[in-house]
Amino acid sequence: MNIWKRISTLSLSQLVQFGFIFLKKPLLIIPTLKATKQTFSICNRLYGKAHHRGNKANAFRHALWNVLICQKTLKITKNDEKSEFWAKKVTDLYEKVTKNDPLDQAMDLHNNNIGRVVFRSKTFKNDTEIINFLQNMAENAQKVSKMNEIEDSEENLIYIAH
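Calculation rules
Residues numbered from 1 in each chain as written. Predicted model: local features only at pLDDT ≥ 70, side-chain atom pairs only at ≥ 80, totals over all residues. Heavy atoms only, no water. Helix = DSSP H or I, 4+ residues; strand = E, 2+ residues; numbered from the N terminus. Buried < 20%, exposed > 50% of the residue type's maximum accessible area, 1.4 Å probe, protein only. Areas by Shrake-Rupley, 256 points an atom, 1.4 Å probe, with all protein chains shown as cover. Axes fitted to C-alpha atoms, helices over the stretch in contact; angles between N-to-C directions. Parallel < 35°, antiparallel > 145°, perpendicular 65-115°, else oblique. Left-handed = near helix turned anticlockwise from the far one by under 90°. Contact = heavy atoms within 4.5 Å. Expected span 1.5 Å × (residues − 1). Polar contact = N/O pair within 3.5 Å; in protein donor to acceptor, adjacent residues only side chain to side chain. Core = buried A, V, L, I, M, F, W, Y, C linked by side-chain atoms within 4.5 Å.

Describe the overall build of the protein, and please don't skip the residues or the numbers.
Looking only at helices and strands, the protein has eight helices and two strands in total. Traced from its N-terminal end to its C-terminal end, the protein shows the element sequence α-α-α-α-α-α-α-β-α-β. The burial tally for the protein puts 44% of its 162 residues in the buried class. By element, 56% of the accessible surface of the protein is carried by carbon and sulfur atoms, the whole surface being about 9100 Å².

Below, the structure is given as structure tokens:
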């Protein structure tokens, strides 16, 4: 499912929630949408439709999405913490309004956070290095089937095998 199709499935109340956060920071709308589009493009190229399930490809997508939102908004915010806060705010709201199964939601929130941690590390010279690093993390992601297993995976991407 592409991002526009997903957005079109949101209720009016859900769209209003997104509208409010974007109204508070209108300069961050374009970089956030560009990061989202780039994330889907990369994931479609690397994984096809597989990244739409609760698998390793999905873990990669959530982490990459957060890294790219942080990178692209940093050009506006000029502050790492503000960019991380924005990425968290947007991606947490997305998880809240899409109302996934609680385990899926917890997995996504965890992987989103890992992406922000990767951004914070600043050890990468370019997107290719970030993508390679996250692909390696995804290959070594830990499988979870219960909420308490997520807590044991603090530094790893996680996935659910359905």
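Picking up where we left off.
Mind laying out the packing of helix α3 (residues 29-47) against helix α7 (residues 127-139), listing which residues take part and the relevant values?
At a minimum axis separation of 13 Å, α3 and α7 run at an interaxial angle of 55°. Of the possible angle classes, the one that applies to α3 and α7 is oblique. Crossing of α3 against α7: the hand is right-handed. Two secondary-structure elements touch here, α3 through Q38, I42, L46 and Y47 and α7 through D127, I131 and Q135.

Before we move on, can you summarise α7 with the specific residues and values?
With 13 residues, α7 should cover 18 Å at 1.5 Å per step; its first-to-last C-alpha distance of 18 Å lies within 8% of that length. Close packing links the buried residues of α7 with α3, α4 (56-77) and α6 (102-121). Regarding α7, its N-cap is N126, as a side-chain oxygen of that residue lies 3.1 Å from the backbone nitrogen of T128 further along.

Talk me through the nonpolar core; I want residue IDs and the actual numbers.
Counting 36 residues, the largest nonpolar core has F60, L64, L134 and L157 as the members making the most contacts within it. Of all elements in the fold, only α3, α4, α5 (80-98), α6, α7 and β2 (158-159) reach the threshold of two or more residues within this core. It is α4 that contributes the most residues to this core, nine residues altogether.

Outline α4, listing residues and values.
Helical geometry note: an α-helix holds 3.6 residues per turn, so side chains three or four residues apart project in the same direction. End to end, α4 covers 31 Å across 22 residues, agreeing with the expected 32 Å (1.5 Å per residue, within 8%). Summarising burial for α4: 16 of the 22 residues are buried, a large majority. Where α4 begins, one side-chain oxygen reaches toward the backbone nitrogen of A57, 3.1 Å away; that side chain belongs to N55. Once α4 ends, the next one or two residues include K78, with phi positive near 60°.

So, the environment of A106: which residues are in play, and what are the values?
Within the secondary structure, A106 sits in helix α6. Judged by relative accessible area, which is 18%, A106 ranks as buried. Sequence separation of A106 and E95 is 11 residues, and the distance between their C-alpha atoms is 8.9 Å. Not counting residues up to four positions away in its chain, the partners in contact with A106 are M147 and I150.

Give a detailed account of the side chain of T91, specifying residues and quantitative values.
Within the secondary structure layout, T91 lies in helix α5. What makes T91 buried here is its relative accessible area of 0%. Within the structure, T91 has its side chain in polar contact with the side chain of N66 (distance 3.3 Å). Apart from residues no more than four positions distant in its own chain, T91 is found in contact with W65, N66, I69, N112 and R116.

Tell me about unusual backbone geometry, residues and numbers included.
Although it is not a glycine, K78 sits at a positive phi angle of roughly 60°. Within the secondary structure, K78 is located in the loop between α4 and α5. The phi dihedral of K122 falls on the positive side, at around 50°, and the residue is not glycine. In this fold, K122 is placed in the loop between α6 and α7. On the basis of relative accessibility, which here comes to 43%, the residue K122 falls in the partly exposed class.

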